[in-house]
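For reference, the chains in residue letters:
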Amino acid sequence: PIDGREDDFYSIASRDWVNILALSPDRELIMVRQYRFAIRALSWETPGGIIDSGESPLDAGLRELREETGYAGEGARLLSFCRPNSAILSNRCFFALVEKVEKVDEVAFDPNEEIETVLVPLDEIPPLIRSGEISHSLALNALFLLFLERGLPLPT
C-alpha cells in the first residue's frame, strides 16, 4: 500500500479471459449450461474461456463460441472488459459481441467440458437473472453490457 506497510498477500496470476455475446437473427442469445466442478452443478453462462498466448480477445471469443457451441456470425467487436476480482486475480475478462450467428460446425469440447447450448430469447433473460438461475458473475457482467449496448431496460 501507499503507506509502506508490509504483509503477506496472495494472488492468482491467470491469463486473460473472454466472454462472447452471440445473437441470432431472431434475437436469441446463445447461452451455455456448463458443468462447474467448484459448485458441482450446471451454470448458465455466455460462451467463453481463456485467451491463448498471441491470440486477440476477439479471436479467442470467436474460437470459444465455435468450439463450445458450433456457432459463428458476423460483425464481431469488443464491447469492454472488467477485472474479475482485483483483490486476488491479476487478469482481465473481455466481452465481445457477434451478430447473425448460425450453427456452422460441430462442437469441440476441451477434455473436461460438459456443455449444453441453449438459444434464449432476449426477453427471457431478465427473469433468469431475477430468479438467480443466471448467477455466474462474468455472465451477468456480459449481459449487463449487452443490455446497455442495445438500449434495453436492465432487469429490475
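Just above sits the structure.
Description of the structure in this document. Bear in mind the structure is a predicted one, so any value in this text is a computation, not a measurement.

## Comments concerning the pattern of salt bridges
Reasoning step 1: On inspection of all chains with the given rule, the structure shows 14 salt bridges.
Reasoning step 2: A salt bridge links K100 to E74, with the nearest nitrogen and oxygen atoms 4.0 Å apart. Taken together, the residues span a long stretch of sequence, with K100 in strand β6 (residues 93-103) and E74 in strand β5 (residues 71-82) at a distance of 26 residues.
Reasoning step 3: For E74, a relative accessible area of 49% corresponds to the partly exposed category.
Reasoning step 4: Each of R15, D52, E55, R63, E64 and E67 takes part in a single network of salt bridges with overlapping partners.

## Looking at the side chain of D16
Reasoning step 1: The residue D16 is located in the segment before β1 (17-22) in this model.
Reasoning step 2: Only 2.9 Å separates the side chain of D16 from the backbone nitrogen of R92, close enough to count as a polar contact.
Reasoning step 3: Sequence-distant contacts of D16, defined by excluding residues within four places in its chain, comprise G49, I50, I51, N91, R92 and F94.

## Regarding the packing of aromatic side chains
Reasoning step 1: Under the definition given, this model contains 2 aromatic pairs.
Reasoning step 2: Consider the rings of F81 and F94, whose centres lie 5.7 Å apart with planes at 45°: the pair is tilted. Residue F81 is located in strand β5, and its partner F94 is located in strand β6; the two are separated by 13 residues in the primary sequence.
Reasoning step 3: Taking relative accessible area as the criterion, F81 reaches 42% and is therefore assigned partly exposed.
Reasoning step 4: A relative accessible area of 10% places F94 in the buried class.
Reasoning step 5: The ring of F81 has R92 sitting right over it, with the charged end atom 5.8 Å from the ring centre.

What counts as what
- Residues numbered from 1 in each chain as written.
- Predicted model: local features only at pLDDT ≥ 70, side-chain atom pairs only at ≥ 80, totals over all residues.
- Heavy atoms only, no water.
- Salt bridge = Lys/Arg side-chain N within 4 Å of Asp/Glu carboxyl O.
- Helix = DSSP H or I, 4+ residues; strand = E, 2+ residues; numbered from the N terminus.
- Buried < 20%, exposed > 50% of the residue type's maximum accessible area, 1.4 Å probe, protein only.
- Polar contact = N/O pair within 3.5 Å; in protein donor to acceptor, adjacent residues only side chain to side chain.
- Contact = heavy atoms within 4.5 Å.
- Phe/Tyr/Trp six-rings, centres within 6.5 Å; stacked < 30°, edge-to-face > 60°.
- Lys NZ or Arg CZ within 6 Å of the ring centre and 35° of its normal.

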